[in-house]
Amino acid sequence: MALDRAMHPRNRYRDKPPDFSFLASKYPDFSQYIHVDLAGNVKLNFKDPEAVRALTCTLLKEDFGLTVEIPLQRLIPTIPLRLNYIHWVEDLMETMGIKAQGPGSHAFIRGIDIGTGTSCIYPLLGATMNGWHFLATEVDDVCYSHACCNVERNRLQDLIQVVKVPEKTLLLEALKENPSVMYDFCMCNPPFFATAEEAKGAKSRSAHRPPPSSVNTGGNTEILAEGGELEFVRRIIQDSLHLMKRLRWYTCMLGKKCSLAPLKEELRRCGVPRVTSTVFCQGRTSRWALAWTFYTDVSIPSPPPKRRKMEKLKRPFTISLPSTVVEQLLGQNGPSVKDSVQEVCRFLEKVLAELKVQFIRVSSAPAEVSLFITAHENTWVHARRKRRKEQQASLTEMACDGDSRSMSSMEFQAASHSDSEHTQSPEGHNSAGVCSVGKVESGDNEVERDLDLPGMRMSGSSKHSVHGDKPVLKSLVNVKGVDDGDQEGNASLFVELHWVEGQNRDSLNQLASVLRNRLLSSCVSPAAPN
Ligand code: SAH
């Protein structure tokens, strides 16, 4: 199962994908669907509806203690996605000060699942995980009867009521019986497609995306609706305009990203005061979700960062030291790649110690060393200023001595740039995410921007403080050596700073710049680092 770091943080499968071998050893029914490939990996064929169903039923049993039966000719829910939606609803409840999950949660949460399907998956999960009460609606006879059986099978009738509703009705019809009953939320995984052609995937997936990794098992009533999901959700919006505050949050999942904008526009046009959206990521499958409320006293969660931006944020900050610079650092007949890595690592440790940054070597391979660093204080912003003053003072001194001509262009650039940083994007990376010491050495006079620009200064002062026990920055620093493959046995080195956690990513970029500059100035000075 392809899983994703972008899953909801509380999704139990985010860091711990299902262990197929273990499940197969425990559940003989499941074991028949797995196979071991030539590389020894245990695999499941996600194109086989029976295999997908076996996995869903096995996970529900193993991880939630639920016994569920699902006919093959109807939609088979995948559990990681359904959990992402449930956790998002929990978060939405929190925006209204209602703790909807975990210890100390609100005793009575009541939700509606529009179109519960044969599995009755959302009510079963919500009731089992959080003790939520549900009204589950369904138009399809087969779905309705299976959903009722699945609730009874798990003895959850006290929490879940399944009702059959007439086609084309949504919330209004289902709620007309008891007009005084209030609900905390409604959720819905609507039929996504308007036509069978669309359901086959002709229009729903952009050309550059790979095909989905699992089979779509939905029957026609489940995946097709007049006007597709747009029309379906528009009708829920219309119902919500009548019901207003009878429900706290109205939510819908969407199969197509392009449905979000027109629906948000519709909500804006209708004067709905609070609207938010999210994306559920699980492997190759993404789904979008929309929520709106007529309550105004809510702190809306910010929408998730764009995928491209997330990928950019995940990229490490890289300092590259081409072999020419490595030579400068360690001498012409310097040590081997392995020793160079060790040398640079020792140098970084020395600088980190000066900056009062804690470090521990977590792993060491022949041409790679990893340091896990923790900083409880941002000392490097001020260190940079101090060093700049010192540098300016020494430059002035040299100029006064009439000695400036004796500096090489590299030394001059190093001196005048030692406090400046590479050009940064708002996320704090330069355009390539790489800052190359070699640029300076080779005389590339690319204009560099000082980190003490207004945007940086703004956050600098608040960051230079001790914040109790919560570290300002944790990072994994890898020092890697790569053989250049030439006859001289030259090697390039890379120092990668990976963000782990902390108060602000800028602090990592600032630290990377300080380390880069220290490496650079040490290469200007005649002595090799010690
Ligand atoms: N919630 C389930 C099933 C989603 S498929 C899951 O996530 O796996 C969509 C379901 O909505 C189908 O079972 C379909 O029969 C049902 N449905 C379609 N129109 C409906 C309506 N107007 N009211 C209630 N259910 C409806």
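This is a predicted model, so every value here is computed, not measured. (Residues numbered from 1 in each chain as written. Predicted model: local features only at pLDDT ≥ 70, side-chain atom pairs only at ≥ 80, totals over all residues. Heavy atoms only, no water.)

Caption draft 1: Broad picture of the site of the ligand. Around the ligand sit 21 residues, and of these Arg82, Gly115, Glu138, Thr169 and Asn189 come closest. One of the backbone N or O atoms of Thr116 is found 3.4 Å from a nitrogen atom in the ligand. Thr169 is positioned with one of its backbone polar atoms (N or O) 2.9 Å from a nitrogen atom of the ligand. Burial of the ligand by the protein amounts to 96% of the accessible area it has alone, namely 570 Å². Looking at the shell around the ligand, the elements that each hand over two or more residues are helix H5 (121-130), strand S4 (133-138) and helix H9 (220-223). Of the residues belonging to the shell around the ligand, the class tally is 10 nonpolar, 7 polar and 4 charged. (Near = heavy atom within 4 Å. Polar contact = N/O pair within 3.5 Å; in protein donor to acceptor, adjacent residues only side chain to side chain. Areas by Shrake-Rupley, 256 points an atom, 1.4 Å probe, with all protein chains shown as cover. Helix = DSSP H or I, 4+ residues; strand = E, 2+ residues; numbered from the N terminus. Nonpolar A, V, L, I, M, F, W, Y, C, P; charged D, E, K, R; others polar.)

Caption draft 2: Spotlight on the pairing of strand S3 (residues 110-114). Within S3, 4 of the 5 residues are buried, leaving the element largely enclosed by the surrounding structure. Where S3 lies against S4, 5 bridges are found, and the strand directions are parallel. Its bridge partner lying in S4, Arg110 is registered against His133. This β-α-β element, S3 to H5 to S4, shows right-handed connectivity. Direction of pairing for S3 relative to strand S6 (residues 183-188): parallel, over a ladder of 4 bridges. For Asp113, the partnering residue across the bridge sits in S6 and is Met187. (Buried < 20%, exposed > 50% of the residue type's maximum accessible area, 1.4 Å probe, protein only. Pairing = 2+ DSSP bridges. Right-handed = clockwise from strand over helix to strand, strands pointing away.)

Caption draft 3: Fine view of the side chain of Thr137. As for its position among the elements, Thr137 is in strand S4. Apart from the residues lying within four places of it in its own chain, the contact partners of Thr137 are Ile112, Asp113, Ile114, Gly115, Thr116, Val163, Val165 and Ala174. (Contact = heavy atoms within 4.5 Å.)

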